[in-house]
Amino acid sequence: MTLQQEIVGNAMQMAVVSLQPGQTVYCEAGKFLFKTANVTMETRLSGPSGGSGQPQAGAGGAGGASGAGGGMGGMLRQAMGTAMQVGQRALAGESLAFQYFTSTGGEGTVGFAGVLPGEMRALELDGTRAWFAEKDAFVAAESTVEFGIAFQGGRTGRSGGEGFVLEKFTGRGTVIIAGAGNFIDLNPADFGGRVDVDTGCVVAFEEGIQYGVQRVGGLNRQGVMNAVFGGEGLSLATLEGNGRVILQSLTIESLANALRKAQGGDKQGPTGGLFSTNAG
């Protein structure tokens, strides 16, 4: 069942989702805005069950009967699976819980939004390609879409002196993401196969795109100039391959710097970049 949704607004967009009877959508805690009275809300630590299209049943009722069939081993595996999901989200700095919304007794409406002024985008997953997004980009998704954490490092991460954590979406259905400022869609294949961007500008990209982090130049005069006076620090994100990429025009760091400056707390001075400091 396709998720009916409309993204409204300009500087601070929100997604208004229409749920059919029995249809479920879930969001990260803190992204919910409003709902109609016939939509039930449940907060859970576990992610969606995947193919069933509904959240996992609890220990009681019908779920308890199936759990009894699996014995204590089945219940233990389920508990360990939930604990691993929560642990991964905690390590990634994500919300520990999800909120599930299900329409009962007719069509229902739920509203969601991101946490920064900017755009939202609805991505349609057909089961053939996963999508990856930067931390905190996830807003809401159908219960047929699975949310996971991808810990990236490897050669590209180490060459940039850092690893990175991504949100991963698999399955079939609609997932809604949000970012700061305006979005731009591009394909690295249209630009010679690779684009280098500010690490804070990446919102999401399709499976098949190779995402890495590399140093800005070498440890020479120009490399130091880029890091100190260019405002980019020591690293850039690299996106290679053939697939869809979504970038944002505003980074959280630049927004925070602008707010500090407006409040008289800008401590970057003339150097910026490498030697910038946060207002205490």
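Check the entry above for the structure.
Just so you know, the residues in each chain are numbered from 1, in the order the chain's sequence is written. Given that this is a predicted model, residues contribute local features only at a pLDDT of at least 70 and side-chain atom pairs are listed and counted only at 80 or more, while totals for whole chains, interfaces and linings are drawn from all residues. As a rule here, side-chain values cover all heavy atoms of the structure and leave hydrogens and water aside.

## Focus on the sheet that holds strand 4 (residues 32-35)
Where strands meet in a sheet, backbone hydrogen bonds hold them as pairs that are either parallel or antiparallel.
Moving on, step 1. Overall, antiparallel pairing links the four strands, which are arranged 1-2-7-4 in an open sheet. For this open sheet the edge positions go to strand 1 (4-8) and strand 4, each flanked by a neighbour on one side alone. Going from strand to strand, the sheet's axes swing by 20° on average, the running direction of each strand aside. For two strands to pair, DSSP has to find at least two bridges joining them. For helices the rule is a DSSP run of H or I covering at least 4 residues; for strands it is a run of E covering at least 2, with both sets numbered from the N terminus onward. Between N-to-C directions, angles span 0 to 180 degrees; the directions come from axes that are lines fitted to C-alpha atoms, helices contributing only their stretch in contact.

## Some remarks on the environment of N187
Moving on, step 1. Here N187 is to be found in the loop between strand 13 (183-186) and strand 14 (194-197).
Moving on, step 2. For N187 and E240, which are 53 residues apart along the polypeptide, the C-alpha to C-alpha distance reads 8.8 Å.
Moving on, step 3. A contact between two residues is defined here by any heavy atoms of the two lying within 4.5 Å. Leave out the neighbours within four places in its chain, and N187 touches G241, N242 and G243.
Moving on, step 4. Of the polar contacts made by the side chain of N187, one reaches the backbone nitrogen of A189; its length is 2.9 Å. Here a polar contact is recorded for every N or O atom pair within 3.5 Å, except that within protein the pair must consist of a potential hydrogen donor and a potential acceptor, and residues adjacent in sequence are included only if both atoms are side-chain atoms.

## Concerning the nonpolar core
Moving on, step 1. For our purposes a nonpolar core is just a set of buried Ala, Val, Leu, Ile, Met, Phe, Trp, Tyr and Cys residues, chained together by side-chain atoms within 4.5 Å. Only protein chains enter the calculation, and the probe is 1.4 Å; a residue is then buried if its accessible area is under 20% of its type maximum, exposed if over 50%, and partly exposed in between. In this structure, Y26, F138, F169, V175 and I177 are the most contacted members of the largest nonpolar core, which totals 20 residues.
Moving on, step 2. Only strand 6 (98-103), strand 8 (120-126), strand 9 (131-134), strand 10 (138-142), strand 11 (145-152), strand 12 (164-178) and strand 15 (202-206) provide two or more residues apiece to this core.
Moving on, step 3. Not counting the four nearest positions on each side in its chain, F169 is found in contact with L125, A130, W131, A133, F138, V145, E146, F147, V175 and I177.
Moving on, step 4. Counting residues in hydrophobic clusters, the runner-up holds 16 residues, among them F132, F164, F205 and L247.

## Some words on the sheet that holds strand 16 (residues 210-215)
Moving on, step 1. Read across the open sheet, the three strands follow the order 14-17-16; overall the sheet is antiparallel. Sheet topology places strand 14 and strand 16 at the edges, where each strand pairs with a single neighbour. In this sheet, neighbouring strand axes are inclined to one another by 25° on average, regardless of whether the strands run parallel or antiparallel.
Moving on, step 2. In this structure, strand 14 lies alongside strand 17 (residues 235-240), joined through four bridges in antiparallel fashion. Looking across to strand 17, one finds that V195 is bridged to L239.

## Overview of unusual backbone geometry
Moving on, step 1. The backbone of D136 sits at a positive phi, close to 80°, despite the residue not being glycine.
Moving on, step 2. Its location among the elements puts D136 in the loop between strand 9 and strand 10.

## Some words on the pattern of salt bridges
Moving on, step 1. Salt bridges are defined by distance alone: a side-chain nitrogen of Lys or Arg within 4 Å of a carboxyl oxygen of Asp or Glu. Enumeration according to the criterion identifies eight salt bridges in this entry.
Moving on, step 2. For R44, the salt bridge is made with E42, and the minimal N-O distance between the two is 3.1 Å.
Moving on, step 3. Residue class for R44 comes out buried when judged on its relative accessible area of 15%.
Moving on, step 4. A relative accessible area of 38% places E42 in the partly exposed class.
Moving on, step 5. As a salt-bridge pair, R129 and E206 come within 3.0 Å of each other at their nearest N and O atoms. Here the residue R129 occupies a position in the loop between strand 8 and strand 9, and E206 occupies one in strand 15, the gap between them amounting to 77 residues.
Moving on, step 6. What makes R129 partly exposed here is its relative accessible area of 33%.
Moving on, step 7. Residues joined by salt bridges that share partners form a network here, namely E119, R121, D185 and R244.

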